[in-house]
Amino acid sequence: MDTMQLRAEQLIISCCLSEPSCIHDIMGAVNISMFQSPINKVVFEAVAFLYLEQQPINTITVFTKIKDSKSIHVRDAAIEVSNLASSFDFTKKHELTSSIQLLVAESIRHEHISLAESIKKKAESETYHPKEVLDYIQSHVSDNKYKSLQNKKNLPMKIYLMSLINVCLMHLTIVVLVVLKLDLIDTILLHQDYSLQTLLL
């Protein structure tokens, strides 16, 4: 694995563990599939679970969550959590944006390479037909649009639905607050109208 890729993965996890203000930006741009290191993937998966469950994210909670994983890399991941948390340096925080961009770019690059290899294989086939290749490309584009909307493709559906329910509840709360505020405004206006009528009388 590329050294810069590994460094970017470690810095992103390190920020998640030590700098809570970064977590929303990271989760909005990065997903588990972008991690190439199997150990870092297990660690980030634990972070993502805690984030979606709206639980505190720190060395202890992530370590505990990793122990529930079925991965063969659990032991190494648990050790890595401690190493990454202790290695965080606030002077590296300015590198976070670059690290996120690197992971996104590398993820897209690997996806493009895989797509190109599949197209090449279809084009070299004895049963080659242009429509088949075009349909395959169109399917890939549609699939990417769906994944970009979901943006949680490697997390179990239960956790994804929990996240969706939380968002719906948040929007419902906003609507209720707006309605209550409008009722309050109506009450104030009604009171003002009554006061004005009293003065006129």
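Look a little higher up for the structure.
Read on for an overview of the structure. (Residues numbered from 1 in each chain as written. Predicted model: local features only at pLDDT ≥ 70, side-chain atom pairs only at ≥ 80, totals over all residues. Heavy atoms only, no water.)

## Focus: the side chain of Gln5
Then, number 1: Structurally, Gln5 is set in helix α1 (residues 3-18).
Then, number 2: For Gln5, a relative accessible area of 1% puts it in the buried group.
Then, number 3: Only 2.8 Å separates the side chain of Gln5 from the side chain of Glu9, close enough to count as a polar contact.
Then, number 4: When residues no more than four places from it in sequence are discounted, the contact partners of Gln5 are Met34, Phe35, Gln36, Leu102, Leu103 and Glu106. (Helix = DSSP H or I, 4+ residues; strand = E, 2+ residues; numbered from the N terminus. Buried < 20%, exposed > 50% of the residue type's maximum accessible area, 1.4 Å probe, protein only. Polar contact = N/O pair within 3.5 Å; in protein donor to acceptor, adjacent residues only side chain to side chain. Contact = heavy atoms within 4.5 Å.)

## Thoughts on helix α3 (residues 38-52)
Then, number 1: Given a rise of 1.5 Å per residue, 15 residues ought to cover 21 Å, and the 21 Å separating the end C-alpha atoms of α3 matches this to within 8%.
Then, number 2: Looking at α3, one finds that the buried residues are Asn40, Val42, Val43, Phe44, Ala46, Val47, Ala48, Phe49, Leu50 and Leu52.
Then, number 3: Just downstream of α3, Gln54 is the residue with a positive phi angle, here 60°. (Expected span 1.5 Å × (residues − 1).)

## With respect to the packing of aromatic side chains
Then, number 1: Counted by the stated rule, this structure contains 1 aromatic pair.
Then, number 2: Seen in terms of ring centroids, Phe35 and Phe44 are 4.5 Å apart; in terms of plane orientation they differ by 25°. Their pairing is stacked. For the pair Phe35 and Phe44, one class covers both residues: buried. (Phe/Tyr/Trp six-rings, centres within 6.5 Å; stacked < 30°, edge-to-face > 60°.)

## Quick look at unusual backbone geometry
Then, number 1: Backbone geometry places Gln54, a non-glycine residue, at a positive phi of 60°.
Then, number 2: Mapped onto the elements of the fold, Gln54 is located in the loop between α3 and α4 (59-66).

## As for the packing of α4 against helix α5 (residues 74-87)
Then, number 1: One way to put it is that α4 packs onto α5 with a least axis distance of 9 Å and a crossing angle of 170°. Viewed along their axes, α4 and α5 adopt a mutual orientation that is roughly antiparallel. Of the residues in α5, those touching α4 at Thr59, Val62, Phe63 and Ile66 are Val74, Ala77, Ala78, Val81, Ser82 and Ala85.
Then, number 2: Per-class residue counts for the contact of α4 with α5 are 8 nonpolar, 2 polar and no charged. (Axes fitted to C-alpha atoms, helices over the stretch in contact; angles between N-to-C directions. Parallel < 35°, antiparallel > 145°, perpendicular 65-115°, else oblique. Nonpolar A, V, L, I, M, F, W, Y, C, P; charged D, E, K, R; others polar.)

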